[in-house]
Amino acid sequence: MKRDLILILLIYFLVLFQQSFLPHFEVYGMIPNLVLVLVFIFNISDHKSGLALSFFAGLILDIYSGMPLGVSGLLFLIMAILIKKSLKFFQKLNIFYLIAMFSFCLIFYNILLNLIQTKL
Amino acid sequence: MKINKVVLIIIIILLLIFINKFFLDSTKNSFYNITSPVQSFFWRIGDSSSNFLQSFLEAKSLKKDNQEILKQNQNFLVDIQEIRNLKKENQELKQVLDFELNKEFELILVESMSRETNGDFILVSGGAEIGILKGMPVITKEKVIVGSIDKVYKDFSRVLLISNKESNFDVEIQKRDNDEEVDEIYGLAQGKGNLKIDLELVPQEKDITEGDIVFTTILAGVFPKGLLVGEVKNLKNSDVSTFQEVEIEPYFKNNLSEILFVIKNFISKEEI
């Protein structure tokens, strides 16, 4: 529990860092999504509280965006469930699986978020 | 144990619905209030670090750039003298015709704090408390247009950058070396996301070149006239299309420093 609270604080710090420091280092107008990377690492390493942490990470990201609370939270949660499910099919973690899975998560998150943004 | 989890999930969902429905703005405003010192600190050190990194990376081309700037500066000095003469002439004419002088912008100083990872939005300090309203334009101290106010919280505001996909406004293109009289060229600046802007609806026969300066116009009432947008780049002429395919390099991209200004005495016609 204590460890999870520290992780939530780390995520919070990362969100602030991502939104206030990294925009100055954009590449072709894009900012790296460190929170998404962290969520991916939590779940690929089969972290015990991976699902809850993913949801909270999304929730914190929602606070610092124009989204209603819970949108990124829900997307991260779905992403975490998909990663955990995929771990059952791909027992051994190899580099190709990691690249493919991360690319999938990145595309999944961005497409759905853009769709929601245009609908709202 | 399983029932507890289900109850917890239901409570979280209900809580989120409740906050989204009634307290979304005030909740966000409270979080921004708590973290604004950290965000401002990150924004400042990010700005200075990127400036340092940029100057380090561009050290090689610095000498060449410097010579070019000196050359341009000499040309500008001549232009300034001409503009001074024209200004004097203009003022005299205005007095004669009893025109009301253009009022200067009423500005509200705000500080940028963060940029959203997805979508071209930034968060600035200052909100409804200091009279900021939705639709007000945001500029830099060099009169470069940054965007317009999209959402107003109590102490903070969210700015829709001109490069956002939702943003489009009319612009005027002026030749960089404007020595002779040329036709007025108008177009539509359409945000493409990720700090990119396209220039649309410029007919093929209009003569524009890379480096031409793009300004806002008052035609559709989105922004005040004469604010700097950027310069023309990546010009592509296609025989198939009626219009030219042009990109605009937005000036605010390299100018998004901490201090910005909200124009108080102008609101986009879309918001009125």
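Model, not experiment: these values are computed from the prediction.

For the rest of this paragraph, the subject is the overall build of chain B. Per the secondary structure count, chain B includes two helices and 12 strands. Starting at the N terminus and walking to the C terminus, you meet the elements of chain B as α-α-β-β-β-β-β-β-β-β-β-β-β-β. In terms of principal-axis extent, the alpha carbons of chain B reach across some 80 × 50 × 45 Å. Put simply, chain B has 272 residues, and 28% of those count as buried. Expressed as a percentage of contacts within chain B between residues at least 6 apart in sequence, the contacts between residues at least 24 apart total 60%.

This part is about the interface of chain A and chain B. Facing the 25 residues of chain A at the interface are 29 residues of chain B. Elements with a contribution of two residues or more to the side of chain A that touches chain B: helix 1 (2-20) and helix 5 (95-119) of chain A. Element by element, the count of residues in the side of chain A that touches chain B is highest for helix 1 of chain A, at five residues. In the side of chain A that touches chain B, the residues fall into 13 nonpolar, 11 polar and one charged.

Residues and elements named next belong to chain B. Judged from the six bridges that link them, strand 6 (residues 168-174) and strand 7 (residues 185-193) form a sheet pairing that is antiparallel. Following the sheet pairing, glutamate 172 is matched in strand 7 by tyrosine 186. With five bridges joining them, strand 7 and strand 8 (residues 196-200) adopt antiparallel strand pairing. What sits directly across from glycine 191, in strand 8, is isoleucine 197. Once strand 7 ends, the chain turns through two residues before running back antiparallel as strand 8, passing asparagine 194 with a positive phi of about 50 degrees.

All right, on to the sheet that holds strand 10 (residues 228-236) of chain B then. Reading around the barrel, the six strands line up as 6-7-8-11-10-9 (chain B) and close back on themselves, with antiparallel pairing between neighbours. Going from strand to strand, the sheet's axes swing by 40 degrees on average, the running direction of each strand aside.

Residues and elements named next belong to chain A. Over its 14 residues, helix 3 (residues 50-63) extends 20 Å from the first C-alpha to the last, a length consistent with the 20 Å expected when each residue adds 1.5 Å. Across the 14 residues that make up helix 3, a large majority, 11, are buried. Every buried residue of helix 3 is accounted for by Gly50, Leu53, Ser54, Phe55, Phe56, Ala57, Gly58, Leu59, Ile60, Leu61 and Asp62. Residues of helix 3 that are buried sit in contact with helix 1, helix 2 (34-44) and helix 4 (71-89).

Once that is clear, we can look at the environment of A:Met1. Turning to its location among the elements, A:Met1 is positioned in the segment before helix 1. When the 5 C-beta atoms within 10 Å are taken as the criterion, A:Met1 is described as exposed.

Conventions adopted
- Residues numbered from 1 in each chain as written.
- Chains lettered and ligands numbered in written order.
- Predicted model: local features only at pLDDT ≥ 70, side-chain atom pairs only at ≥ 80, totals over all residues.
- Helix = DSSP H or I, 4+ residues; strand = E, 2+ residues; numbered from the N terminus.
- Buried ≥ 20, exposed ≤ 12 C-beta atoms within 10 Å, placed from the backbone.
- Contact = placed C-beta atoms within 7 Å.
- Nonpolar A, V, L, I, M, F, W, Y, C, P; charged D, E, K, R; others polar.
- Pairing = 2+ DSSP bridges.
- Axes fitted to C-alpha atoms, helices over the stretch in contact; angles between N-to-C directions.
- Expected span 1.5 Å × (residues − 1).

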